Amino acid sequence: MAHQPSSQARLSPSSYEEDIALLLAPRLAYFAGVARHEHVTRAAQEMGVPQSTLSRAIVRLEQDLGVVLFARKGRTVSLTPAGRTFLTSVERALAEVERAAESVQADADPASGKVAFGFLHTMGSETVPGLIRAFRADHPRIRFTLVQNYGEAMIERLRAGELDLCLTSPVPDAPDLVARRLDEQRLRLVVPDDHRLAARKRIRLAEAADETFVTLEPGYGLRRITDDLCAEAGFTPRVAFEGEEAETLRGLVAAGLGVALLPPPAVARPGVVELTVTSPRAAREIGVAWLDGHVDTAPVAAFKRFLLSRRGHLLPD
């Protein structure tokens, strides 16, 4: 493996890091193998590559770095001080790559892989725990990474590759997403139990036009639905508070701060009365979404099939 090391690096100090990685990465395992054996022929035999290929790779690596990594005597080699320094980092990098490969393989394992699943705050107390419990009855070792957030934030995380699936409302309509409607949830007008409307069971939303509302913040799906329903009823709601949790809003209604359009609670809260809205029809669609063209791992595909099988009976009775 005799050669004349280049006296000048092929990469200038101003080269982009990605260019350096592109040039060096394929040769690092060869370098580590030769360093381990201190013999080119034995390293080539262990790695299953021609000796000439291995020799050329080491020469190119030294040329790219502009540093002599091996002192040579025939086919026997020994690391130079620069080579020993380089080997420490190379072994660390190769170990990290190996760990990364093992991690993604483990996440894709059909029996014990991982699903990154996002869902709305209002789905967190009963719906999602019930879904996961039912799914794990047949897939007990599949793991979940769970994200609870509002709809638009989850869609962004879906697009960023941080989520495999998300349960959201309204059901998104975007060219880069696939979405399937799973269920519908009726919304109620929640009023304090001492409110003028508290003795009613049903109400037209227009009758609440003069009320002060407490709502979720802009960007939340339920806020958009609230604004749209009020507009359909002929008014713009006067908003006293914008929050992030439906149950916080229900508590503020009980405190007399206003009224709210909310899905049914997991557990009845004292201090409020929940009225059926007869006009306009107050409901929200719940659906599952994923990135179009995304190739599912086996665990994700299994959970997706499970969710789609719950169409029409996703929500607790």
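Residues numbered from 1 in each chain as written. Predicted model: local features only at pLDDT ≥ 70, side-chain atom pairs only at ≥ 80, totals over all residues. Heavy atoms only, no water.

Draft legend 1. Broad picture of the packing of helix 2 (residues 40–47) against helix 3 (residues 51–65). Interhelical geometry of helix 2 versus helix 3 gives an angle of 110° and a closest axis separation of 9 Å. With respect to helix 3, the element helix 2 is oriented roughly perpendicular. When the axes of helix 2 and helix 3 are compared, the crossing they make is right-handed. Along the contact surface, helix 2 presents Val40, Thr41, Ala43, Ala44 and Met47, while helix 3 presents Gln51, Leu54 and Ser55. (Axes fitted to C-alpha atoms, helices over the stretch in contact; angles between N-to-C directions. Helix = DSSP H or I, 4+ residues; strand = E, 2+ residues; numbered from the N terminus. Parallel < 35°, antiparallel > 145°, perpendicular 65-115°, else oblique. Left-handed = near helix turned anticlockwise from the far one by under 90°. Contact = heavy atoms within 4.5 Å.)

Draft legend 2. Highlighting the confidence of the model for the protein chain. Per-residue pLDDT for the protein chain averages 90, and the proportion of residues at 70 or more is 92%. Ignoring residues within four places in sequence, the model shows residues 1–16, a span with pLDDT below 50, making 23 contacts including any to other chains. (pLDDT = per-residue confidence, 0-100.)

Draft legend 3. Inspection of the sheet that holds strand 13 (residues 283–291) at higher detail. Reading across from one edge, 4-3-5-13-6 is the order of the five strands in this open sheet, with mixed pairing throughout. Edge positions in the open sheet fall to strand 4 (143–148) and strand 6 (177–186), since each of these has one partner strand only. Across this sheet, the average inter-strand angle for adjacent strands is 20°, counted without regard to direction. Sheet topology note: the strand 5 (residues 165–168)/strand 13 ladder contains three bridges and is antiparallel. Its bridge partner being in strand 13, Thr168 is matched across the sheet by Gly287. Its contacts with the sheet place helix 5 (residues 127–136) against strand 3 (114–119), strand 4 and strand 5, and it is angled at close to 170° to strand 4. (Pairing = 2+ DSSP bridges.)

Draft legend 4. Representation of the nonpolar core within the structure. Of all hydrophobic cores here, the largest spans 35 residues; its most connected members are Phe117, Met123, Phe144, Leu165, Leu167, Phe303 and Leu307. Put simply, the parts of the chain that give this core at least two residues each are strand 3, helix 5, strand 4, helix 6 (151–159), strand 5, strand 6, strand 13 and helix 9 (298–309). It is helix 9 that contributes the most residues to this core, five residues altogether. Excluding its chain neighbours within four sequence positions, the residues that come into contact with Phe303 are Val115, Phe117, Phe135, Phe144 and Leu165. Counting 30 residues, the second-largest nonpolar core is a separate cluster that includes Leu205, Phe213, Leu229 and Leu249. (Core = buried A, V, L, I, M, F, W, Y, C linked by side-chain atoms within 4.5 Å. Buried < 20%, exposed > 50% of the residue type's maximum accessible area, 1.4 Å probe, protein only.)

Draft legend 5. Inspection of the side chain of Arg250 at higher detail. Within the secondary structure, Arg250 is located in helix 8 (residues 246–254). On the basis of relative accessible area, Arg250 is assigned to the buried category, the value being 0%. Setting aside chain neighbours within four positions, we find Arg250 in contact with Val190, Leu262, Pro263, Pro264, Pro265, Arg269, Val272 and Glu274.

Draft legend 6. Region of the structure containing the sheet that holds strand 7 (residues 188–192). Spatially, the four strands line up as an open sheet ordered 8-12-7-11, and their pairing is mixed. Here the strands that pair on one side only, and so sit at the sheet edges, are strand 8 (202–204) and strand 11 (260–262). Strand after strand, the sheet turns through a mean of 45° between neighbouring axes, direction not considered. Where strand 8 meets strand 12 (residues 272–279), three bridges bridge the pair, whose relative direction is parallel. In the strand pairing of strand 12, Arg204 is matched with Ser279.

Draft legend 7. A look at the packing of helix 5 against helix 9. Orientation of helix 5 relative to helix 9, taken along the N-to-C sense of each, is 115°, at an axis distance of 11 Å. When you trace helix 5 past helix 9, the crossing you get is right-handed. Between helix 5 and helix 9, the contacting residues are Leu131, Ala134 and Phe135 on the first element and Pro299, Ala302, Phe303, Phe306 and Leu307 on the second. Residues belonging to the contact of helix 5 with helix 9 are distributed by class as follows: eight nonpolar, no polar and no charged. (Nonpolar A, V, L, I, M, F, W, Y, C, P; charged D, E, K, R; others polar.)

Draft legend 8. Structural context of the pairing of strand 2 (residues 76–79). Only one face of strand 2 is buried: it carries Val77 and Leu79, and the other face, with Thr76 and Ser78, is open. Bridge analysis of strand 1 (residues 70–73) against strand 2 gives four bridges, and the strand direction is antiparallel. Pairing of Arg72 across the sheet is with Val77, part of strand 2.

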